[in-house]
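# Tertiary structure, described
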Amino acid sequence: MRKKSLVFIFLALTLSITTSGCIDLFHVPGVAVSPDGSRIYFLEGDGEGSASGQLVSAPIGGSIDQTLYAGSKDDSASAFAVNPVSGEVAYVRSGLETGGTKLEIFNPADGSTRTVLDVNVFGVTAIGTMMQYSRDGSRIALTVMTLPGDITPDMLNDEEFEMSDEQIAATQYRAFVVNVADGSLTEIVSGVPTAFNTLSWNASGTQIALNGWTDGNGDGKIVILPTEDPESGVVGDGTAVYVYDLAANSLTEVSVGKFNYAPTYAGDQLFWASADLATEMVNLMNTDGMVYSTINTISGIGVSPDGTRLAWSENQDSDSEEQLPGLVYISDTSFANPTLVVEMADNQLPDAPVWLSDGQTILVGATSVIAQMVMSFTASFSFSTDGTESSSEGSVTSDSSFGTSVVAVNVNTGEITPVYSGPIVNSSMYAGLIGLVASGVLDEMAGAE
């Protein structure tokens, strides 16, 4: 296979994914920040886009100096979140050493760890996709991918492992609410045939918005990364935005259309992104209708600490081999004057922005599984215009080790300041990989000439 043809495959894959729905996983932040804005927390990668199993912390602008959970090849941390009141860090850990899945909380003040949910609570091996504390820090909303009993996390790290159709169909994406004080666990409308990935609490702590995939093509399984090709008659699954009311234990769909994702509360006002395949536009919506529209793909939304402003990332689609800079916009909740804050020349596939407590700064990285695959690939091969390997200026080096740069962006000036550089992976990685396998995209890539 020619090296340059691989480049085109990956660029085509990126475009296909960002217009077909898997983009919901970009909305999972790769980093979390302490309440005082002095530290970031993230999952350390191994330098090749795979998880090392460790949940670590670093001061803004510094290097890793704290390990919250060491993990191992057979035992990994996944979804995590910072308590906005106490600064404690909750995380999911899964694997052979754990004996299943636990939810633990790390106290940065004294370095202690306590278990909130033990292995017998889930009853299966679950890998966290996204986690978020309620504003008062009393509860945690959590989405997890539960694996069939014959699959363990270490199998997913094995390049030779192949999931069967039966195993893919048996994989579920579920959502829960955890009461931190007593460790009680409530599934969000259990038994509903919906695959949940991303979520957001409202300010008053009465509702949780979620994106949820459904079996739109009736093939008996939910694929969170569908292939969508209307011309060939291929119709994949779709994703909607739902609101879960905690008091009523009810789930209500609020979106219209096939691809809706990135639900985000600003105060008690809900926003989300919606991709329209007919017009090839991506829109920002609220419950009253469309508030913003773009030809680019909106990859994630972040809300300022006071709930008055939104920042969002956009991926620019390109029909050439050149990847265009990622864009970051900002607006107040009226959307009277959306403003381009910065063009991310070194980040073509930006994550959802994460706000610091000062309300003037956002953190932006590139930690999603697709961004990691593209970076890993382009770091692994050199190529020239005739398809042969080259070491000439402008070609990519053959060193497969790479890092993810997290930068701070001043939303008023657009000034970019480096925050951290090193291997980081996203907690949505496993869900994204299984989505790629289930959709058949990886098989298409492997068969490309």
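Below, the structure is looked at part by part. (Residues numbered from 1 in each chain as written. Predicted model: local features only at pLDDT ≥ 70, side-chain atom pairs only at ≥ 80, totals over all residues. Heavy atoms only, no water.)

As a further point, take the overall build of the protein. If you tally the helices and strands in the protein, you get seven helices and 29 strands. Put simply, the protein has 449 residues, and 56% of those count as buried. Look at the contacts in the protein between residues 6 or more apart in sequence, and 52% of them connect residues 24 or more apart. (Helix = DSSP H or I, 4+ residues; strand = E, 2+ residues; numbered from the N terminus. Buried < 20%, exposed > 50% of the residue type's maximum accessible area, 1.4 Å probe, protein only. Contact = heavy atoms within 4.5 Å.)

With that settled, the discussion passes to the pattern of salt bridges. For the structure on display, the rule yields five salt bridges. Ionic pairing is found between Arg-93 and Asp-75, a salt bridge with its closest N-O pair at 3.6 Å. One end of the pair, Arg-93, is in strand 6 (residues 89-95); the other, Asp-75, is in strand 5 (residues 75-82), and 18 residues separate them in sequence. Across the pair, exposure class does not vary: Arg-93 and Asp-75 are buried alike. Between Arg-114 and Glu-88 there is a salt bridge, with the nearest N and O atoms lying 2.9 Å from each other. Of this pair, Arg-114 sits in strand 8 (residues 112-117) while Glu-88 sits in the loop between strand 5 and strand 6, and the two are 26 residues apart along the sequence. Given a relative accessible area of 36%, Arg-114 falls into the partly exposed group. Exposure remark for Glu-88: the relative accessible area of 12% places this residue in the buried category. Here the salt bridges do not stand alone but share partners, grouping Asp-75, Arg-93 and Glu-104 into one network. (Salt bridge = Lys/Arg side-chain N within 4 Å of Asp/Glu carboxyl O.)

Right, let's get into the nonpolar core. Core analysis: the largest hydrophobic core is formed by 45 residues, its most contacted members being Leu-55, Met-145, Leu-284, Ile-298 and Trp-312. Apart from residues lying up to four places away in sequence, Leu-284 is in contact with Trp-272, Ala-273, Gly-289, Met-290, Val-291, Tyr-292, Ile-298, Ile-301, Trp-312 and Phe-335. (Core = buried A, V, L, I, M, F, W, Y, C linked by side-chain atoms within 4.5 Å.)

Now for the sheet that holds strand 5. Here four strands make up an open sheet; going across it, the order is 5-6-7-8 and the pairing antiparallel. Strand pairing shows two members of the sheet lacking a second neighbour, strand 5 and strand 8, which therefore form its edges. Sheet twist, expressed as the mean angle between neighbouring strand axes with direction ignored, is 30°. The pairing of strand 6 with strand 7 (residues 100-107) spans seven bridges and is antiparallel. Bridging from a neighbouring strand, Tyr-91 pairs with Glu-104 of strand 7. (Pairing = 2+ DSSP bridges. Axes fitted to C-alpha atoms, helices over the stretch in contact; angles between N-to-C directions.)

Sheet architecture is open: four strands sit in the order 25-26-27-28, paired in antiparallel fashion. The open sheet has two edge strands, strand 25 (354-355) and strand 28 (416-422), and neither has a second partner. Bridge analysis of strand 27 (residues 404-410) against strand 28 gives six bridges, and the strand direction is antiparallel. By the bridge assignment, Val-409 is partnered in strand 28 with Ile-416.

Quick look at the packing of aromatic side chains now. Tallying each qualifying case throughout the model produces 10 aromatic pairs. Here Tyr-292 and Tyr-329 contribute two aromatic rings whose centre-to-centre distance is 6.0 Å and whose plane-to-plane angle is 55°, an arrangement assigned as tilted. Residue Tyr-292 is found in strand 20 (residues 289-294), and its partner Tyr-329 is found in strand 23 (residues 326-332); the two are separated by 37 residues along the sequence. Each ring, one from Trp-312 and one from Tyr-329, has its centre 5.8 Å from the other, and the planes form 10°; the classification is stacked. Here Tyr-329 lies in strand 23 and Trp-312 lies in strand 22 (residues 309-315), a separation of 17 residues in the sequence. The rings of Phe-271, Tyr-292, Trp-312, Tyr-329 and Phe-335 are connected pair by pair, giving a single aromatic cluster. (Phe/Tyr/Trp six-rings, centres within 6.5 Å; stacked < 30°, edge-to-face > 60°.)

This paragraph deals with the pairing of strand 23. Within strand 23, six of the seven residues are buried, which leaves the element mostly enclosed by the surrounding structure. Pairing analysis gives six bridges linking strand 22 to strand 23, with the strands arranged antiparallel. Within the sheet, the bridge partner assigned to Ala-311 lies in strand 23 and is Ile-330. Direction of pairing for strand 23 relative to strand 24 (residues 339-344): antiparallel, over a ladder of five bridges. Note on strand 24: the bridge partner recorded for Ile-330 is Thr-339. If you look at the hairpin formed by strand 23 and strand 24, you'll find six residues sitting between the two strands, and Phe-335 has a positive phi there, around 55°.

Another point: unusual backbone geometry. One non-glycine residue, Val-189, lies in the positive phi region at around 45°. Note that Val-189 resides in the loop between strand 12 (185-187) and strand 13 (195-201).

Our next topic: the pairing of strand 8. Of the pairings in the sheet, the one linking strand 7 to strand 8 comprises five bridges and is antiparallel in character. Directly across from Leu-103, in strand 8, lies its bridge partner Leu-117. From the end of strand 7 to the start of strand 8, which pair antiparallel, there are four residues, and Gly-111 there has a positive phi angle of about 75°.

The next point concerns the side chain of Thr-143. Position of Thr-143 relative to the elements: it lies in strand 10 (residues 139-146). In this structure, Thr-143 is in contact with Gly-128, Thr-129, Met-130, Arg-174, Ala-175, Phe-196, Asn-197, Leu-199 and Leu-210, ignoring residues within four places of it in sequence.

Before going further, it helps to examine the side chain of Arg-93. In this structure Arg-93 comes out as buried when scored by relative accessible area, which is 13%. Looking at Arg-93, its side chain comes within polar contact range of the side chain of Glu-104, at 3.1 Å. (Polar contact = N/O pair within 3.5 Å; in protein donor to acceptor, adjacent residues only side chain to side chain.)

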